[in-house]
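Listed below, chain by chain, are the residues.
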Amino acid sequence: MVKRSEKAKTMRKLIKAIWIFNWFNSCGFTELIPLVGSRWDMERFGMIVVGTPRQADVLFIAGYQTLKSIKRAKKIYDQMAEPKVIIALGSCTMTGGMYWDSYNTIKRLDDYLPVTIYIPGCPPRPEAVFEAVEKIFGHVKELK
């Protein structure tokens, strides 16, 4: 019999569904609209949106982040219970997007929050979002 750590036991509960809290700035919301529609239907694939970070397992961050908004994102991240995962959507979270030369734009989200997975694109394809979520499910299954 394999003994599992407490963290592994807790994370295995994520296998059936992940609860997502969204933090979108600027056009970030439009990046996930196709996932909510009937063609992709994210809930059918085990992605459930919740209204508070205290119930969330995953934090989706999309759109460019400013020095002012990153403080709120950190506060949201701190309110999430362990284990927690951050998925960064789009090129703005990686490079600042078209606002890369602004003094107030965060160039790389990883410098401020521990990003688990980056999904490139502007906007990222729904298939890429599902692949990232599948990688999270796979990571949880491999935990010992």
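Residues numbered from 1 in each chain as written. Predicted model: local features only at pLDDT ≥ 70, side-chain atom pairs only at ≥ 80, totals over all residues. Heavy atoms only, no water.

> Please give an account of the nonpolar core that cites residues and values.
In a soluble, globular protein the nonpolar side chains are often hidden away together inside. Core analysis: the largest hydrophobic core is formed by 21 residues, its most contacted members being Leu 35, Met 47, Phe 60, Ile 87, Leu 89 and Val 129. The set of elements that each furnish at least two residues to this core consists of strand 1 (18-24), strand 3 (58-62), strand 4 (85-89), strand 5 (117-119) and helix 5 (126-142). Element by element, the count of residues in this core is highest for helix 5, at six residues. If sequence neighbours within four positions are ignored, Leu 89 has contacts with Phe 24, Glu 31, Leu 32, Phe 60, Ile 61, Ala 62, Gly 63, Ile 119, Pro 124 and Val 129. (Core = buried A, V, L, I, M, F, W, Y, C linked by side-chain atoms within 4.5 Å. Buried < 20%, exposed > 50% of the residue type's maximum accessible area, 1.4 Å probe, protein only. Helix = DSSP H or I, 4+ residues; strand = E, 2+ residues; numbered from the N terminus. Contact = heavy atoms within 4.5 Å.)

> Hey, could you go over a positive patch on the surface for me, with residue numbers and the actual values?
On the surface, a cluster of positive charge is made up of Lys 68, Lys 71, Arg 72, Lys 74 and Lys 75. By the secondary structure assignment, Lys 74 is in helix 3 (residues 67-79). (Patch = residues over 30% accessible without salt bridge, like charges linked within 9 Å, V, L, I, M, F, W, Y side chains within 5 Å. Areas by Shrake-Rupley, 256 points an atom, 1.4 Å probe, with all protein chains shown as cover. Salt bridge = Lys/Arg side-chain N within 4 Å of Asp/Glu carboxyl O. Lys, Arg positive; Asp, Glu negative; His and termini not counted. Charge placed at Lys NZ, Arg CZ, Asp CG, Glu CD.)

> Lay out the environment of Ile 33 in plain terms, naming residues and giving numbers.
Tracing the backbone through its elements, the reader meets Ile 33 in helix 2 (residues 33-36). Between the C-alpha atoms of Ile 33 and Pro 126, which are 93 residues apart in sequence, the distance is 9.3 Å.

> So what about unusual backbone geometry? Which residues, and what values?
Note the cis peptide between Glu 82 and Pro 83, where omega equals -10°. Tracing the chain through its elements places Pro 83 in the loop between helix 3 and strand 4. A cis amide bond, omega -5°, links Cys 122 with the succeeding residue Pro 123. Of note, Pro 123 is situated in the loop between strand 5 and helix 5. With a phi close to 45°, Asp 41 is a non-glycine residue in the positive phi region. Turning to its location among the elements, Asp 41 is positioned in the loop between helix 2 and strand 2 (47-49).

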